[in-house]
Amino acid sequence: MPDEPAVRELRLVVTAEDYEAALHFYRDVLGLTEQGAFASEDGRVTILEAGRATLELTDPNHAAFIDEVEVGRRVAGHVRVAFQVDDSVAVTAKLAAAGAEVVAEPTRTPWNSLNSRLEAPGALQLTLFTELDDQSASDGSPRRRGDSSETP
């Protein structure tokens, strides 16, 4: 059938040196639902459901622009994982309390979302984003990168 997509699922596969810590962080703290777990003498794998998946391709110039908006400098490698959440301020704090390093606090972007950046288990750099739809952050005061008069 020509109307059916050729690809059914996007699966990002991460090899984590500390498997248990990464599993706890993504499943128990971030709240990704366990879809399946398998173990054998050859190792372990857990598949976590993360909602709808997309593949975002960007050129180096746009990647640098996104880093500038979210962080204020170039920090991401060639792979960054972005999760849309309902409250990026609260989820950023929750993940930081669980061991993620906050690279940049939630920042209002030119495309009207509130984005934060974290270094997380499994050596992944994460963007958390909340679509604002003309709303502000949960604390009512999102900032734009470079505007020190507003605080996150």
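First things first, this report covers the structure right here in the doc. Bear in mind that the values here come from a model prediction, so they are computed numbers and not experimental data.

## Quick notes on the environment of Asp59
Within the element layout of this structure, Asp59 appears in the loop between β2 (43-49) and α2 (60-70). Asp59 sits in the partly exposed class, given a relative accessible area of 43%. Sequence separation between Asp59 and His78 is 19 residues, and the spatial gap between their C-alpha atoms is 10.0 Å.

## Concerning unusual backbone geometry
In this model, Asn112 sits at a positive phi of 60°, which is unusual for a non-glycine residue. Mapped onto the fold, Asn112 is located in the loop between β4 (101-108) and β5 (113-120). Even without being glycine, Ala123 reaches a positive phi, approximately 60°. Within the secondary structure layout, Ala123 lies in the loop between β5 and β6 (124-131). Look at Ala123 and you get exposed, because its relative accessible area is 73%.

## Brief notes about the sheet that holds β5
The strand order across the open sheet built from four strands is β3-β6-β5-β4, with neighbouring strands paired in mixed fashion. Each having just a single partner strand, β3 (81-84) and β4 make up the two edges of the open sheet. Ignoring strand direction, the axes of neighbouring strands in this sheet form an average angle of 15°. By the bridge criterion, eight bridges tie β5 to β6 in an arrangement that is antiparallel. Bridge assignment links Leu118 to a residue of β6, and that residue is Leu126. This element, α2, spans β4, β5 and β6 of the sheet and lies at about 100° to β5.

## What to know about helix α3 (residues 88-97)
Turning to α3, its buried residues number three or more, namely Ser88, Val91, Thr92 and Leu95. Burial along α3 is one-sided: seen end-on, the buried residues are contained in an arc of 105°. Where α3 is buried, its residues contact α1 (19-29), β4, β5 and β6. Measuring from the side-chain oxygen of the N-cap residue of α3 to the backbone nitrogen of Val89 gives 3.1 Å; that N-cap residue is Asp87.

## Here's the deal with the packing of aromatic side chains
Aromatic ring pairs are described here by two measures, namely the spacing of the ring centres and the angle between the planes. Tallying each qualifying case throughout the model produces two aromatic pairs. With a centroid separation of 4.9 Å and 80° between ring planes, the pair formed by Phe25 and Tyr26 is classed as edge-to-face. Residue Phe25 shares its accessibility class with Tyr26, and that shared class is buried.

## Quick notes on the side chain of Arg117
If you trace the backbone, Arg117 turns up in strand β5. Looking at Arg117, its side chain comes within polar contact range of the side chain of Asp67, at 2.8 Å.

## Observations concerning the pairing of β4
Where β4 lies against β5, five bridges are found, and the strand directions are antiparallel. Directly across from Glu101, in β5, lies its bridge partner Glu119. Two successive antiparallel strands, β4 and β5, enclose a turn made up of four residues, where Asn112 displays a positive phi of approximately 60°.

Cut-offs and rules
Residues numbered from 1 in each chain as written. Predicted model: local features only at pLDDT ≥ 70, side-chain atom pairs only at ≥ 80, totals over all residues. Heavy atoms only, no water. Helix = DSSP H or I, 4+ residues; strand = E, 2+ residues; numbered from the N terminus. Buried < 20%, exposed > 50% of the residue type's maximum accessible area, 1.4 Å probe, protein only. Pairing = 2+ DSSP bridges. Axes fitted to C-alpha atoms, helices over the stretch in contact; angles between N-to-C directions. Contact = heavy atoms within 4.5 Å. Arc of directions from axis to C-beta. Polar contact = N/O pair within 3.5 Å; in protein donor to acceptor, adjacent residues only side chain to side chain. Phe/Tyr/Trp six-rings, centres within 6.5 Å; stacked < 30°, edge-to-face > 60°.

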